[in-house]
Amino acid sequence: MSGVISTIAFTFSDLLLLVNLILINKSVGLGVSQPSLIKLIPISVVHCGFALIFSSYFDKSSQAVMAVLLAVYYLRFLIFPYFLTLKVRFISLYMPLLLISLDSLTQSCVSWIFKLISPGSNEWTINKITSMTFQLFILGLICFLNKKGFFKNLEFAFKSTSKTVGILILLCVFIMEGIVTLISFDAENVSMQKKFSELFLLILMIVMFAIMLLLIINNMSKKYFKDTSDLLLKQIDTQLRHYEALDDMKKEFHSFRHDYINHMQCVAALISSNKNEEAVQYINKLSNSKTITEKPYECGNHILDSILTEKAAAAKKCDTEICLDGLFTHDFDPVDLCVIFSNALDNAIEACRKIGGHKTIDVKLNIQQGYQFISISNPTNEENNSLLTTKDDKTHHRFGINNIRNAVNRHNGTFDLSNGNGLFCINILLKL
């Protein structure tokens, strides 16, 4: 009687697992809105038929047949949902493994508890009833989440969660199941239990190594995307500053144009009164207006114009001028453009802060025979032949130089540093 109950429970839980997977795929936007009964009925029949075969012959088969049955058992949960959704994504492969692993973990925990409470209980029947109960709970949870509309949030969570984190969750479930199985393992032969423990520890070591490797990869990915995000934010901030400066200059120009007639009348009145010296002073005062003397950089690339305008404002605070000579007119990756010029100009301004008097940072751009030549030079009072930074923030400076080099390499260019005769120079050659 218990064998019949176990078989029914196993077949029913197996079918519930398939239903749960189809519902999850449908809820996160992987499936069709209404699966066809022409597909559902034969898939369900084949699925349940194999469950009966697996339940009846698995324990009685040879090792080779057991391996084949086990492989087909798991493959069904990957193949059958595909027939209904006709889509293959990470979640459609991940969810069967996760649900099966959680089901197995639940069975191991309940079986262990029953061993402690009632040592003579039928372990097979308990496992199958536990599996059926677990799948019913998952089905109820899916229906509840769908009814409340929470699956929209879960869909976003599935898409935003990295594959690395998902694999780590699977490995953690596997480790927990192995620990429970090891604790509850009952063997009359001590040597057999020792071998099982050694095998589990070996697998555990492999899993821990995989976890460490995945954590390293995940950390590197986070670092890359964080750096890219910071660069994009820096680029946006630079452009905003540039546009604010242009807006201020526009307002000043309109104000000057509005008062132009009044200014001319004042100058004419001073000249007619033979106050020529005062008239000259008045004209000089007008000539010192920012609208007349300061012009935005115009190199042919508005992003580079923004960077130069922002860095020029920072350089002015240490009595430094940025002089531009040349054009940069071709299309170029804006992120790499920001990396190259922002880091190079930041380092140049930092070096100029250590020098007294008026300084000049020269930015020279030239296009020859399909190559863009970039030269950024600044005065320095240190002969630093090793090109090591003298800044307090050595790590940031080193990353700045390395980031420039990496950006240049991505465009098949060359990068060269020189330091001598009181001049530090960065020479870059980019292939167009």
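Residues numbered from 1 in each chain as written. Predicted model: local features only at pLDDT ≥ 70, side-chain atom pairs only at ≥ 80, totals over all residues. Heavy atoms only, no water.

**Q** Lay out the overall build of the protein with the relevant residues and their values.
**A** When helices and strands are tallied, the protein shows 14 helices and five strands. In the protein, which comprises 432 residues, the proportion classed as buried is 36%. Within the protein, contacts between residues at least 6 apart in sequence are counted, and of these 72% link residues at least 24 apart. For the protein, the accessible area works out to roughly 26,000 Å², and carbon and sulfur atoms hold 64% of it. (Helix = DSSP H or I, 4+ residues; strand = E, 2+ residues; numbered from the N terminus. Buried < 20%, exposed > 50% of the residue type's maximum accessible area, 1.4 Å probe, protein only. Contact = heavy atoms within 4.5 Å. Areas by Shrake-Rupley, 256 points an atom, 1.4 Å probe, with all protein chains shown as cover.)

**Q** Break down unusual backbone geometry for me, with residues and values.
**A** Positive phi values are uncommon outside glycine, yet Asp319 reaches one of about 55 degrees. Mapped onto the elements of the fold, Asp319 is located in the loop between helix H12 (302–316) and strand E1 (320–325). Phi at Gln369 is positive, roughly 50 degrees, even though this residue is not glycine.

**Q** Explain the packing of aromatic side chains to me, using residue names and the numbers behind them.
**A** For the structure on display, the rule yields two aromatic pairs. A connected cluster of aromatic rings, assembled from ring pairs, spans Phe328, Phe332 and Phe341. (Phe/Tyr/Trp six-rings, centres within 6.5 Å; stacked < 30°, edge-to-face > 60°.)

**Q** Account for the side chain of Ser131, with residues named and values stated.
**A** With respect to the helices, strands and loops of the structure, Ser131 is situated in helix H5 (residues 123–148). Ser131 sits in the buried class, given a relative accessible area of 5%. One polar contact links Ser131 to Asp103, side chain to side chain, over a distance of 2.7 Å. In this structure, Ser131 is in contact with Ser13, Asp103 and Gln107, ignoring residues within four places of it in sequence. (Polar contact = N/O pair within 3.5 Å; in protein donor to acceptor, adjacent residues only side chain to side chain.)

**Q** Describe the side chain of Lys359, with residues and values.
**A** Along the chain, the position of Lys359 falls in strand E2 (residues 359–368). We note that Lys359 is buried and unpaired, the nearest opposite charge coming from Asp319 at a distance of 5.3 Å. From its side chain, Lys359 meets the backbone oxygen of Cys318 in a polar contact 2.7 Å long. Setting aside residues no more than four positions away along its own chain, Lys359 makes contact with Cys318, Asp319, Thr320, Glu321, Cys352 and Pro379. (Lys, Arg positive; Asp, Glu negative; His and termini not counted. Salt bridge = Lys/Arg side-chain N within 4 Å of Asp/Glu carboxyl O.)

**Q** Please provide a residue-by-residue account of the sheet that holds E2, values included.
**A** Where strands meet in a sheet, backbone hydrogen bonds hold them as pairs that are either parallel or antiparallel. The strand order across the open sheet formed by five strands is E1-E2-E3-E5-E4, and the pairing between neighbours is mixed. With one partner strand each, in any of the chains shown, E1 and strand E4 (414–420) form the two edges of the open sheet. Each neighbouring strand pair of the sheet contributes to a mean axis angle of 10 degrees, computed without reference to strand direction. With seven bridges joining them, E2 and strand E3 (residues 371–379) adopt antiparallel strand pairing. Residue Asn366 lies in a different strand from E3, and its bridge partner there is Phe373. Sitting on the sheet, helix H13 (residues 334–352) touches E1, E2, E3 and strand E5 (423–431), and the angle it makes with E3 is about 20 degrees. (Pairing = 2+ DSSP bridges. Axes fitted to C-alpha atoms, helices over the stretch in contact; angles between N-to-C directions.)

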